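# Residue-level structural notes
Below are the chains, spelled out letter by letter.
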Amino acid sequence: MDFSSSVEEIVALNNFAHIHLIGDFNLPGISWTSSQVVPNHSAIAISEMAELLGLSQVIHLANDRGVILDLVFTSSSSAEVTRDVDPLVAEDIHHPSLSMELDLPVKRNIHSFLRPDLRKCNLQAVFSELQRMNIMSWTMFDDVDASFAGFCKTIGDCVVRNSPLKKHSQPSFPIWFSKKLVHLTLLKNILHKQFKLTFDVTIYRRFAAVRSECKSLTKICFLRYVNHVQEVLPSNPKIFWTYLKACNRSDTAPSVMSFEDTTSSDDVCIANMFADFFSSVFGTSRSSTHTEDSSGIDAISTCLLDYDDVQSALTNLDVSKGPGPDSISLAVVAV
């Protein structure tokens with residue numbers, strides 16, 4: 001069942017102090033006071049999940065029809081569920097009012113955060129908002145560069161305001177893991193945890209079998225991914241950098257770097273070493289549209305552009321590319 005698999009996956013990825021599953025499971029044919037389970041796929045999946053995770057069903061209060069629909073699965077031995085004598089709303093005949101005392105420790109995930117999903121920006125909203133703005137406010141500065149910076153910041157802020165938030169977190173598995181390998185890895189972790197708690201030989205044998213299957217499938221998945229990267233690398237080099245980023249768990253660069261006989265921790269020296277390293281693949285341009293030296297361009301006021309240059313650049317924009325540090329995506333520029 002999808003529900004049972006999802007719960008097992010969540011438990012395997014988090015170190016919960018206690019687990020509580022509360023809801024209307026609609027399984028009236030099960031007697032939770034005995035070990036008998038009716039031949040129902042949902043009931044079997046829920047029972048096996050509870051047994052695997054060490055959960056107990058603690059509600060034994062039947063409704064007016066004599067069945068139990070609302071269930072509470074918990075790992076806490078101190079959990080207590082009783083009939084509520086003073087319900088906040090009128091009771092439903094199928095769902096009696098209940099009072100629960102559960103341990104609810106709070107755990108925060110410091111590895112996840114929210115940020116605007118600029119690729120899903122509402123372009124129509126951006127266009128409408130920009131139309132209502134006072135364009136002349138961007139030209140209030142005497143300095144052209146300051147005006148252009150204000151122009152870019154205005155558009156960037158507008159894009160961020162009209163972009164939905166997306167949760168980002170550190171991936172729990174390598175990018176080359178298949179869905180089957182992820183499932184087996186989660187199951188292996190659960191079985192290992194269960195064996196450490198019970199020292200049951202049967203659980204260990206199942207754990208050993210799953211572990212062996214994980215090792216075999218890991219080699220297959222990795223080899224398949226490497227072959228895929230090699231095949232598509234000429235046409236899509238991004239896939240290689242995606243794998244490289246997945247391997248690098250740190251966002252910080254090394255404080256000391258070496259190239260040939262030089263080792264340094266100075267930022268300028270390190271930048272020069274990178275320049276020397278990549279100099280072999282760069283050469284001077286044989287032709288240029290403008291005769292002026294463009295090697296020192298670092299501001300909009302030093303650029304020489306005409307209408308045809310701008311029109312050509314806008315026509316050839318690849319809107320599938322992501323935005324830069326100014327948060328302005330090419331899709332917004334194309335609008």
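Residues numbered from 1 in each chain as written. Predicted model: local features only at pLDDT ≥ 70, side-chain atom pairs only at ≥ 80, totals over all residues. Heavy atoms only, no water.

Before going further, it helps to spend a moment on the overall build of the protein. In terms of helices and strands, the protein carries 10 helices and nine strands. A burial count over the protein gives 24% of its 335 residues as buried. Of the contacts formed within the protein by residues at least 6 apart in sequence, a portion of 59% connects residues at least 24 apart. Of the roughly 24,000 Å² that the protein leaves accessible, carbon and sulfur atoms contribute 56%. (Helix = DSSP H or I, 4+ residues; strand = E, 2+ residues; numbered from the N terminus. Buried < 20%, exposed > 50% of the residue type's maximum accessible area, 1.4 Å probe, protein only. Contact = heavy atoms within 4.5 Å. Areas by Shrake-Rupley, 256 points an atom, 1.4 Å probe, with all protein chains shown as cover.)

The subject of this paragraph is the packing of aromatic side chains. Tallied over the full model, the rule gives 11 aromatic pairs. Here the aromatic rings of Tyr-204 and Phe-207 are separated by 6.0 Å at their centres, their planes lie at 45 degrees, and the arrangement is tilted. Here the residue Tyr-204 and the residue Phe-207 both occupy positions in helix α6 (residues 201-232), the gap between them amounting to three residues, near one helical turn. A relative accessible area of 7% means that Phe-207 is categorised as buried. Taken together, a centroid distance of 5.8 Å and an interplanar angle of 90 degrees make the contact between Phe-259 and Phe-277 edge-to-face. Linking Phe-259 in strand β8 (residues 257-259) with Phe-277 in helix α8 (residues 267-278), this pair joins segments that are 18 residues apart in sequence. Given the relative accessible area of 49%, Phe-277 is considered partly exposed. Three or more aromatic residues link up through ring pairs in this structure, and these residues are Phe-195, Phe-199, Tyr-204 and Phe-207. (Phe/Tyr/Trp six-rings, centres within 6.5 Å; stacked < 30°, edge-to-face > 60°.)

Turning our eyes to something else, we now look at the packing of helix α3 (residues 123-132) against helix α4 (residues 144-161). The geometry of α3 relative to α4 is characterised by a closest axis approach of 9 Å and an angle of 140 degrees between their N-to-C directions. Comparing their axes, α4 and α3 come out oblique. When the axes of α3 and α4 are compared, the crossing they make is right-handed. On the side of α3, the interface is formed by Val-126, Glu-129 and Leu-130, while α4 contributes Ile-155, Cys-158, Val-159 and Arg-161. Considered class by class, the residues forming the contact of α3 with α4 number five nonpolar, no polar and two charged. (Axes fitted to C-alpha atoms, helices over the stretch in contact; angles between N-to-C directions. Parallel < 35°, antiparallel > 145°, perpendicular 65-115°, else oblique. Left-handed = near helix turned anticlockwise from the far one by under 90°. Nonpolar A, V, L, I, M, F, W, Y, C, P; charged D, E, K, R; others polar.)

Okay, a positive patch on the surface next. A cluster of basic residues, Arg-115, Arg-119, Lys-120, Lys-166, Lys-238 and Lys-321, forms a positive patch at the surface. Turning to its location among the elements, Lys-120 is positioned in the loop between β6 (112-116) and α3. (Patch = residues over 30% accessible without salt bridge, like charges linked within 9 Å, V, L, I, M, F, W, Y side chains within 5 Å. Salt bridge = Lys/Arg side-chain N within 4 Å of Asp/Glu carboxyl O. Lys, Arg positive; Asp, Glu negative; His and termini not counted. Charge placed at Lys NZ, Arg CZ, Asp CG, Glu CD.)

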